[in-house]
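Architecture and fold: a report
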Amino acid sequence: EVQLVQSGPEVKKPGESLRISCEASGYRLTRYWISWVRQLPGEGLEWMGSIDPSDSYTTYSPSFEGHVIISTDEARDTAYLQWSSLKASDTAMYYCARHGGVVRVPVGLEDYYYSYMDVWGIGTTVTVSS
Amino acid sequence: DIQMTQSPSTLSASVGDRVTIACRASQSVDTLLAWYQQKSGKAPNLLIFGASSLQTGVPSRFSGSGSGTDFTLVISSLQPEDFATYYCQQYKSYSPYTFGQGTKLEVK
C-alpha cells in the first residue's frame, strides 16, 4: 500500500529551528514530486512548495520562499520541510502529498508534464508558542 | 498566479439531496483541475482529477465537469459521510499551485 508517513506533532518556541519529515512507503520517493501544503487553524489549503526527488529541483510559493527549505534523502525515501527560525504564525498543520498523477500533453514538438496530488500524509501539527 | 474561486463558501443540504459546487479559475487551466474532500481533522482526499475523472475507490455519486475556467463538482445523492469541506485545485501552473478557498458542506 502506498503511504506517506509523516513525523509526529511538534511544539517549539519562536526562533527555534525545526525539520519535519515525510517517508514514502510502498514506492520509491524519487519517482514522483512531493509537495508540502499548509493549513492554518480553521483555514484552507495553501501550497508551500514542491521538490522533484530525482534531481532535488525545488519550487516554492512566493509566500514561503526564503522561510522554509524543502529537501529529500533518497536513501531514506524521505522528504523534509525545515525552518531555521520559527514564528508563532507558523502554527499550523503541514501535509506532504505525492504528485502521483502525471499527465503528458504534447504541444508541437515538445511534451509538457502536469501532475496532481494523489496521496497525502496524515499531517504534522506544528505549534509555536513562547 | 491563477486564482481559484469556489462558490458557495458554505452549503447546507440534507441526505439524498443533489448538490453542486462551483469553481472558477482566473485564467484557463484547460482540464488540469482536481477536487479534494477534507473531513474534519483528516487529510485531504483526492476525488476527481482531470476535471472529470473519478479517482479509484471514489463513489460514483461524485462527478466533475468543466474546462477552461469554469468547473463543477456534483454529488448526485448526498450521503451522511459526504458532509465535509471540498477544495478545487489547479495544476496547470506550479508557479504557484493554487487551491480554492473551500466549500463547507453542512447538514441542513
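It should be noted that the structure appears before, not after, this text.
Cut-offs used in this document
Residues numbered from 1 in each chain as written. Chains lettered and ligands numbered in written order. Predicted model: local features only at pLDDT ≥ 70, side-chain atom pairs only at ≥ 80, totals over all residues. Heavy atoms only, no water. Salt bridge = Lys/Arg side-chain N within 4 Å of Asp/Glu carboxyl O. Buried < 20%, exposed > 50% of the residue type's maximum accessible area, 1.4 Å probe, protein only. Helix = DSSP H or I, 4+ residues; strand = E, 2+ residues; numbered from the N terminus. Pairing = 2+ DSSP bridges. Axes fitted to C-alpha atoms, helices over the stretch in contact; angles between N-to-C directions.

A few words now on the pattern of salt bridges. For the structure on display, the rule yields nine salt bridges over all chains. Of the charged contacts in the structure, one is a salt bridge between Asp73(A) and Arg76(A), with a shortest N-O distance of 3.3 Å. Note on Arg76(A): relative accessible area 56%, which makes it exposed. In this structure, Glu81(B) and Arg61(B) form a salt bridge, with 3.4 Å as the shortest nitrogen-oxygen distance. Of the two residues, Glu81(B) is situated in the loop between strand 8 (70–75) and strand 9 (85–90) and Arg61(B) in the loop between strand 6 (53–54) and strand 7 (62–67); the sequence distance between them amounts to 20 residues. A single network of salt bridges, built from pairs that share partners, joins Arg61(B), Glu81(B) and Asp82(B).

Attention shifts here to unusual backbone geometry. The bulk of non-glycine residues show a negative phi, and the bulk of peptide bonds are trans. All names here are of chain B. For the peptide bond that leads from Ser7 to Pro8, omega is -5°, which places it in the cis range. Within the fold, Pro8 resides in the loop between strand 1 (4–7) and strand 2 (10–13). That bond from Ser95 to Pro96 is cis: its omega, -5°, falls within 30 degrees of zero. Secondary-structure assignment places Pro96 in the loop between strand 9 and strand 10 (98–99). For Asp30, which is not a glycine, the phi torsion comes out positive at approximately 55°. On the secondary structure map, Asp30 appears in the loop between strand 3 (19–25) and strand 4 (33–38). Judged by relative accessible area, Asp30 falls into the partly exposed class, the value being 38%.

All names here are of chain A. Taken in spatial order, the four strands of this open sheet run 1-3-8-7, and their pairing is antiparallel. In this open sheet, the two edge strands, each paired with only one partner strand, are strand 1 (3–6) and strand 7 (69–73). For this sheet, the mean angle separating the axes of adjacent strands, direction not counted, is 25°. Here strand 3 (residues 18–25) runs beside strand 8 (residues 78–83); their pairing, made up of six bridges, is antiparallel. Along strand 8, the bridge assignment pairs Arg19 with Gln82.

Just geometry here; none of it tells us what the structure is for.
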